[in-house]
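An overview of the molecular structure
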Amino acid sequence: MKTTQYLAEVVQELSRTVDLISDEEAEKLVNKILESKKIFVAGAGRSGFMGKSFVMRMMHMGIDAYVVGETVTANLEKGDLLIIGSGSGETKTLVSIAEKAKSLGGTVAAVTISPDSTIGKLADIIIKLPGSPKDQSESEYKTIQPMGSLFEQTMLLFYDALILRFMEKKGLDSTKMYGKHANLE
Ligand SMILES: O=C([C@H](O)CO)[C@H](O)[C@H](O)COP(=O)(O)O
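Residues numbered from 1 in each chain as written. Predicted model: local features only at pLDDT ≥ 70, side-chain atom pairs only at ≥ 80, totals over all residues. Heavy atoms only, no water.

The name given to the protein chain in an unreviewed UniProt entry is 6-phospho-3-hexuloisomerase, with Niallia hominis as the source organism. The heading Sequence similarities (unreviewed entry) in the UniProt record of the protein chain holds the text "Belongs to the SIS family. PHI subfamily." (UniProt positions renumbered as here; feature names shortened; annotations may be inferred.)

**Focus: the overall build of the protein chain**
From N to C terminus, the protein chain includes 7 helices and 5 strands. Helices and strands in the protein chain line up, N terminus first, as α-α-β-α-β-β-α-β-α-β-α-α. In terms of overall size, the protein chain behaves like a compact globule, its C-alpha atoms giving a radius of gyration of 16 Å where 185 residues would be expected to give roughly 16 Å. Each principal axis of the C-alpha atoms in the protein chain carries an extent, and together these give about 45 × 40 × 35 Å. Of the contacts made within the protein chain by residues no fewer than 6 positions apart, 68% connect residues no fewer than 24 positions apart. Here the protein chain carries 22 positive and 24 negative side-chain charges, and the mean point of each set is 3 Å from the other. (Helix = DSSP H or I, 4+ residues; strand = E, 2+ residues; numbered from the N terminus. Rg over C-alpha atoms; globule rule 2.2 N^0.38 Å. Contact = heavy atoms within 4.5 Å. Lys, Arg positive; Asp, Glu negative; His and termini not counted. Charge placed at Lys NZ, Arg CZ, Asp CG, Glu CD.)

**Describing helix 1 (residues 3-17)**
Here helix 1 is 15 residues long and its end C-alpha atoms lie 22 Å apart, about the 21 Å a rise of 1.5 Å per residue gives. Taken together, the buried positions of helix 1 are occupied by Val-10, Glu-13, Leu-14 and Thr-17. The buried residues of helix 1 occupy an angular sector of 95° when projected down its axis, which confines them to one face. Where helix 1 is buried, its residues contact helix 6 (149-170). (Expected span 1.5 Å × (residues − 1). Buried < 20%, exposed > 50% of the residue type's maximum accessible area, 1.4 Å probe, protein only. Arc of directions from axis to C-beta.)

**A short note on unusual backbone geometry**
At Met-147, a residue that is not glycine, the phi angle is positive and equals roughly 45°. Considering the arrangement of structural elements, one finds Met-147 in the loop between strand 5 (125-128) and helix 6. Residue classification places Met-147 among the exposed positions, given a relative accessible area of 54%.

**Comments concerning the environment of Ser-53**
Topologically, Ser-53 is positioned in helix 3 (residues 45-60). Since its relative accessible area comes to 32%, Ser-53 is described here as partly exposed. Here the alpha-carbon distance between Ser-53 and Leu-156, two residues 103 residues apart in the chain, equals 7.7 Å.

**Thoughts on helix 3**
In this model helix 3 runs 23 Å from its N-terminal to its C-terminal C-alpha over 16 residues, within 8% of the 22 Å that 1.5 Å per residue would give. Looking at helix 3, one finds that the buried residues are Ser-47, Gly-48, Met-50, Gly-51, Phe-54, Val-55, Met-58 and His-60. One or two positions beyond helix 3, positive phi appears at Gly-62, with a value near 85°.

**Looking at the sheet that holds strand 4 (residues 107-112)**
Here 5 strands make up an open sheet; going across it, the order is 2-1-3-4-5 and the pairing parallel. The open sheet has two edge strands, strand 2 (65-67) and strand 5, and neither has a second partner. Averaged over all adjacent pairs, the angle separating strand axes in this sheet is 15°, with direction ignored. Where strand 4 and strand 5 come together, 4 bridges link them in parallel fashion. Bridge pairing links Ala-110 to Ile-126 in strand 5. Lying over the sheet, helix 4 (residues 92-103) contacts strand 1 (39-42), strand 3 (81-85) and strand 4, oriented at roughly 165° with respect to strand 3. Along the sheet, helix 6 makes contact with strand 1, strand 3, strand 4 and strand 5, crossing strand 4 at roughly 130°. (Pairing = 2+ DSSP bridges. Axes fitted to C-alpha atoms, helices over the stretch in contact; angles between N-to-C directions.)

**Points about the packing of helix 1 against helix 6**
Interhelical geometry of helix 1 versus helix 6 gives an angle of 60° and a closest axis separation of 10 Å. The way helix 1 lies across helix 6 gives a crossing that is right-handed. Residue-level contacts link Val-10, Glu-13, Leu-14 and Thr-17 of helix 1 to Leu-150, Gln-153, Thr-154 and Leu-157 of helix 6. Across the contact of helix 1 with helix 6, the residue classes break down as 4 nonpolar, 3 polar and 1 charged. (Left-handed = near helix turned anticlockwise from the far one by under 90°. Nonpolar A, V, L, I, M, F, W, Y, C, P; charged D, E, K, R; others polar.)

What follows is the structure in structure tokens.
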């Protein structure tokens, strides 16, 4: 197959995910983000890259948002929100971070394929995304892509869709947000 044919298949896989995501749960997450003082986003590997993109856009909207593990990340306090993106819901470092956030009085949201995972069970808000976990075990979802790629792509697009929903709620547009874009680059 040609590369562009693979690309077309990837786009089709992504478009099939949309109807499998709960808008009700997404709205819960949007509202929680709007009412929380500080937002923290955690993820490992590629899931972590998607989280970083999301934090960047939240910053452009004026939200006090941090990537967990960065040198300049603030402290989580009671009432703050931690969003964990993990396909498996079992990544060890993220389980510890979720437990710590709960012990500090934070709210935990999990964006995951597996609501029954350890992180899913710790979470107060669960966004279930379709896809195969990275070991492609027990997957009810068929994908031509390796490991967790479909989940990770879906998560990036889901995060971008959340941003559009905030923009609508807060009356923001791209020009206003661009005013907060890094200019030392
Ligand atoms: O980097 C990853 C990998 O390439 C899978 O496709 C994962 O995102 C990373 O290992 C974290 O795993 P999950 O917590 O299960 O998302």
